[in-house]
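Chain and residue survey
Chain residues, written in single-letter form:
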Amino acid sequence: MSDLMTHVISAHGGLDRYAQYDSVTAHFRSGGALWTLKGRDGIFDRAAVRVGLRRQHASHYPFTAPGLHTSFTARRVAVETDGGEVRTERLDPRAAFEGHTLETPWDDLHVAYFAGYAMWTYLTSPFTFASPGFRTEELAPVVEDGQTWSRLKVTFPEDIATHSREQIFYFDREGLLRRHDYTAEVLGAGPAAHYSFGHKRFGGIVVPTRRRVYPLGDDGVVRRDIELVTIDVEGVEFD
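Here's a quick rundown of the structure.

Turning to the overall build of the chain, a few remarks are in order. In terms of helices and strands, the chain carries four helices and 13 strands. Taking 239 residues into account, the globule formula puts the C-alpha radius of gyration at 18 Å, and the chain, at 17 Å, falls close to it. In terms of overall dimensions, the chain has C-alpha extents of about 45 × 40 × 30 Å along its principal axes. Looking at the chain as a whole, 54% of its 239 residues qualify as buried. Excluding contacts between residues fewer than 6 apart, the proportion of contacts in the chain whose partners are at least 24 apart in sequence is 47%. Carbon and sulfur atoms make up 48% of the accessible area of the chain, which amounts to about 10,800 Å² in all. Taken as two groups, the 27 positive and 33 negative side-chain charges of the chain have centres that lie 3 Å from each other.

Now the structure itself:
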C-alpha cells in the first residue's frame, strides 16, 4: 500500500481491527431532493441497513412496511418478508435503470439497488481499497475551506456495484474522509460532491455520522444550494 493508503486506513481504525468483523449495521435517516424527484419522499425517514464486510451484500429494514426488508447484491435485488418470503425481485438490476433521467420515478427495487450499493460503498470505504481488484492512484492535493486535502482516485472492480467505476476520495491531514466525488450513473445525471463529517468511533472503526451530497458543476463548483441526499447516522454496530 502507498503511504497515503496506509495513513488513511490507519486513521479509520486499521485493517487488523476491520478484519475482526463480518458485518456492520447503521441506524440512519436519509432525506434530500433525490427522494422527492424519484417519488419516494420519506422512504428512509428512519431505517437501518446491514452491510456485509466480506462480500457485497446489503439489507435495509424496515422497508416500506414493518416486517419487510431488502436484499441487495450486484446481480440481484429483492424485497422479502422477515420470514423469508420473496415479495418481488429483479435479476441484473442495473439494467433496469437504462434510459433514466434524474426525474424518472423509481419503484421499490430501484430504491433497494441504489441504496444497497451506495450504503455498502460508504460503510466499507476506505478499507475495501486494499482489497484485490481495487486500484488506487494518489492525485495532487487540493485546498478547500482553508484546509489541504489529499486525494485518492479509486477504480472499483467490474464485479462491484457502485456509483461509477472511478471515484475520487478526499482526506484531511488526520487521514479522515472529508469528500467523495462520483457520477451516480444510474441517475442519468451529472457528477456529485459528497461531504462527510461528524466522525465517531464505533467498535474501534471511525465512521462519518453526517453526509451531504451536492451537484458538482462542469466548472468544478459545488452547488451547495441543492442537497441531493442527506444521511444522518444515529448508531453503528460492527459484529
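On to empty space enclosed by the protein. This model, assessed by the stated rule, comprises two cavities of 30 Å³ or more. Quantified by volume, the largest cavity comes out at close to 70 Å³. His12, Tyr122, Leu123, Ser125, Phe127, Leu177, Ile205, Val206, Val207, Pro208 and Arg211 are the residues that line the largest cavity. By residue number, the principal contributor to the lining of the largest cavity is strand S12 (residues 205-215), which donates five residues. Put simply, the second largest cavity is a space of about 40 Å³. Residue lining of the second largest cavity: Met119, Tyr122, Leu123, Val207, Pro208, Arg211, Ile231 and Val233, and that is the complete set. Breaking the lining of the second largest cavity down by element, the ones donating at least two residues are helix H4 (108-124), S12 and strand S13 (229-238).

By the definition in use, this model includes 20 salt bridges. A salt bridge links Arg94 to Glu185, with the shortest nitrogen-to-oxygen separation between them at 3.2 Å. Linking Arg94 in the loop between strand S6 (86-91) and H4 with Glu185 in the loop between strand S10 (177-183) and strand S11 (191-202), this pair joins segments that are 91 residues apart in sequence. Residue classification places Arg94 among the partly exposed positions, given a relative accessible area of 25%. Between Arg212 and Glu227 there is a salt bridge, and its shortest N-O distance comes to 3.7 Å. Taken together, the positions of Arg212 in strand S12 and Glu227 in the loop between S12 and S13 put the pair 15 residues apart, joining distant regions of the chain. If you follow the salt bridges from partner to partner, you end up with Glu144, Arg179, Asp181 and Arg224 in one network.

Now for the packing of aromatic side chains. Applying the stated criterion across every chain yields a total of 17 aromatic pairs. One aromatic cluster is present, formed by Phe28, Trp35, Phe44, Phe63, Phe72, Phe97, Trp106, Tyr113, Phe114 and Tyr117 through successive ring pairs. Stacked on the ring of Tyr117, the Lys or Arg Arg94 has its end atom at 5.6 Å from the ring centre. Over the ring of Tyr195 we find Arg224, and its NZ or CZ is 4.4 Å from the ring centre.

What follows covers unusual backbone geometry. The residue after Tyr61, namely Pro62, is reached through a cis peptide bond having omega -15 degrees. Tracing the chain through its elements places Pro62 in the loop between strand S3 (58-61) and strand S4 (68-72). At the junction of Ser125 and Pro126, the peptide bond is cis and its omega measures out at 10 degrees in the coordinates. Residue position: Pro126 is located in the loop between H4 and strand S7 (135-144). The residue Thr64 is not glycine, and still its phi comes out positive at about 70 degrees. Although it is not a glycine, Asp92 sits at a positive phi angle of roughly 50 degrees.

What counts as what
Position numbers for residues count from 1 along each chain, tracking the sequence in the order it is written. Restriction of local features to residues with pLDDT of at least 70 applies here, the model being predicted, together with a cutoff of 80 or more for giving and counting side-chain atom pairs; totals for whole chains, interfaces and linings are based on all residues. Note that the side-chain values use all heavy atoms of the structure and ignore hydrogens as well as water. We count a stretch as a helix when DSSP gives it H or I for four or more residues in a row; a strand needs E for two or more, and each element gets its number in order from the N terminus. Here the globule rule is a power law, 2.2 Å times the number of residues to the power 0.38, and the radius of gyration is based on C-alpha atoms. Three labels apply to residues, based on accessible area from a 1.4 Å probe with only protein chains included: buried if under 20% of the type maximum, exposed if over 50%, partly exposed otherwise in between. Should any heavy atoms of two residues lie within 4.5 Å, those residues are considered in contact. For the accessible areas, the method is Shrake-Rupley and the probe is 1.4 Å, while residue cover comes only from the protein chains on display. Counting rule for charge: Lys and Arg are taken as positive, Asp and Glu as negative, and neither His nor the chain ends is counted. All charge positions are set by atom: Lys at NZ, Arg at CZ, Asp at CG, Glu at CD. In this analysis, the protein atoms alone were mapped onto a 1 Å grid. Cavities are point sets where a 1.4 Å probe fits without being able to get out; pockets are open sets with protein on both sides within 12 Å along at least five of seven lines; lining residues have an atom within 4 Å of a point. Grid points are joined across faces, edges and corners, and a volume is the space filled by probe spheres set on the points. Note on definitions: salt bridges are taken to be side-chain nitrogens of Lys or Arg within 4 Å of carboxyl oxygens of Asp or Glu. Note on aromatic pairs: the rings of Phe, Tyr and Trp (six-membered ring only in Trp) are paired at centre separations within 6.5 Å, and the planes decide the class, stacked below 30 degrees, edge-to-face beyond 60, tilted for the rest. A ring is scored as having a charge over it whenever the NZ atom of a lysine or the CZ atom of an arginine sits within 6 Å of its centre and within 35 degrees of its normal.

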